[in-house]
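Results of the structural survey
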Amino acid sequence: MSHAEEWARQIVVRHREPGHLRLQLPVALCTGPRADAIESGLRGVAGIYRATLYRAARKLSLRYDPHQANERDVVLALRTFAAWSEPFRTESLREDGGP
């Protein structure tokens with residue numbers, strides 16, 4: 001299982017209403033460049049007009065236009081940015097660079 005899949009299983013929906021999701025995130029998604037990538041990436045998704053990550057509280061608040069996006073779109077975007085921010089794995093590469 002990849003880190004992104006493991007993190008996705010740890011995300012908890014804390015509040016849900018049309019146009020608003022508030023999520024509890026695993027600590028790994030709330031620190032450093034990974035948190036920056038998720039927050040800025042989500043702000044660039046069509047339909048999402050506000051993405052605020054409260055790092056210390058591990059909460060992500062997402063506001064979106066329900067006429068342009070739905071909850072599934074928002075969650076898939078979050079998974080995408082979490083996967084993109086996953087560190088490159090070098091342990092599976094040989095010294096000569098091959099698989």
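Residues numbered from 1 in each chain as written. Predicted model: local features only at pLDDT ≥ 70, side-chain atom pairs only at ≥ 80, totals over all residues. Heavy atoms only, no water.

Once that is clear, we can look at the pairing of strand β2 (residues 20-24). Regular strands show a simple pattern: their side chains alternate between the two faces of the sheet. The buried fraction of β2 amounts to 4 of the 5 residues, a majority that puts the element mostly inside the structure. Two strands pair when backbone bridges link them, and strand β1 (residues 12-17) and β2 are joined in this way by 5 bridges, in the antiparallel orientation. From the neighbouring strand, arginine 16 faces β2, where its bridge partner is leucine 21. A loop of 2 residues connects β1 with β2, the two strands running antiparallel in sequence, and glycine 19 in this loop sits at a positive phi of about 90°. (Buried < 20%, exposed > 50% of the residue type's maximum accessible area, 1.4 Å probe, protein only. Helix = DSSP H or I, 4+ residues; strand = E, 2+ residues; numbered from the N terminus. Pairing = 2+ DSSP bridges.)

Another point: the environment of arginine 22. Following the sequence through the fold, arginine 22 ends up in strand β2. Separated by 29 residues in the primary sequence, arginine 22 and alanine 51 have C-alpha atoms spaced 9.8 Å apart. Apart from the residues lying within four places of it in its own chain, the contact partners of arginine 22 are Val12, Val13, Arg14, His15, Leu60 and Ser61. (Contact = heavy atoms within 4.5 Å.)

Glancing now at the sheet that holds strand β4 (residues 59-64). Spatial strand order, β1-β2-β4-β3: 4 strands in an open sheet with antiparallel pairing. For this open sheet the edge positions go to β1 and β3 (48-54), each flanked by a neighbour on one side alone. Each neighbouring strand pair of the sheet contributes to a mean axis angle of 10°, computed without reference to strand direction. Against the sheet, helix α2 (residues 32-43) contacts β3 and β4, and its axis sits at roughly 160° relative to β3. (Axes fitted to C-alpha atoms, helices over the stretch in contact; angles between N-to-C directions.)

Moving on, we come to the environment of tryptophan 7. Residue placement: tryptophan 7 occurs in helix α1 (residues 3-10). For the pair tryptophan 7 and leucine 25, spaced 18 residues apart in sequence, the C-alpha to C-alpha distance is 7.9 Å.

So, about the nonpolar core. In this structure, Leu25, Ile38, Leu42, Leu60, Leu62 and Leu78 are the most contacted members of the largest nonpolar core, which totals 21 residues. Sort the elements by how many residues they give to this core and helix α3 (residues 71-84) lands first, with 5 residues. Among all residues touching leucine 78, those that are not within four sequence positions of it are Ile11, Leu23, Leu25, Ile38, Leu42 and Leu60. (Core = buried A, V, L, I, M, F, W, Y, C linked by side-chain atoms within 4.5 Å.)

Let us look at the pairing of β4. Pairing of β2 with β4 involves 5 bridges; the strand directions are antiparallel. Bridging across to β4, glutamine 24 finds its partner in lysine 59. Here 6 bridges tie β3 to β4, and the two strands are oriented antiparallel to one another. Bridge pairing in β4 places tyrosine 54 opposite lysine 59. Taking the residues that link successive antiparallel strands as the turn, the β3-β4 hairpin has 4 residues, and the phi of arginine 58 there is positive, at about 60°.

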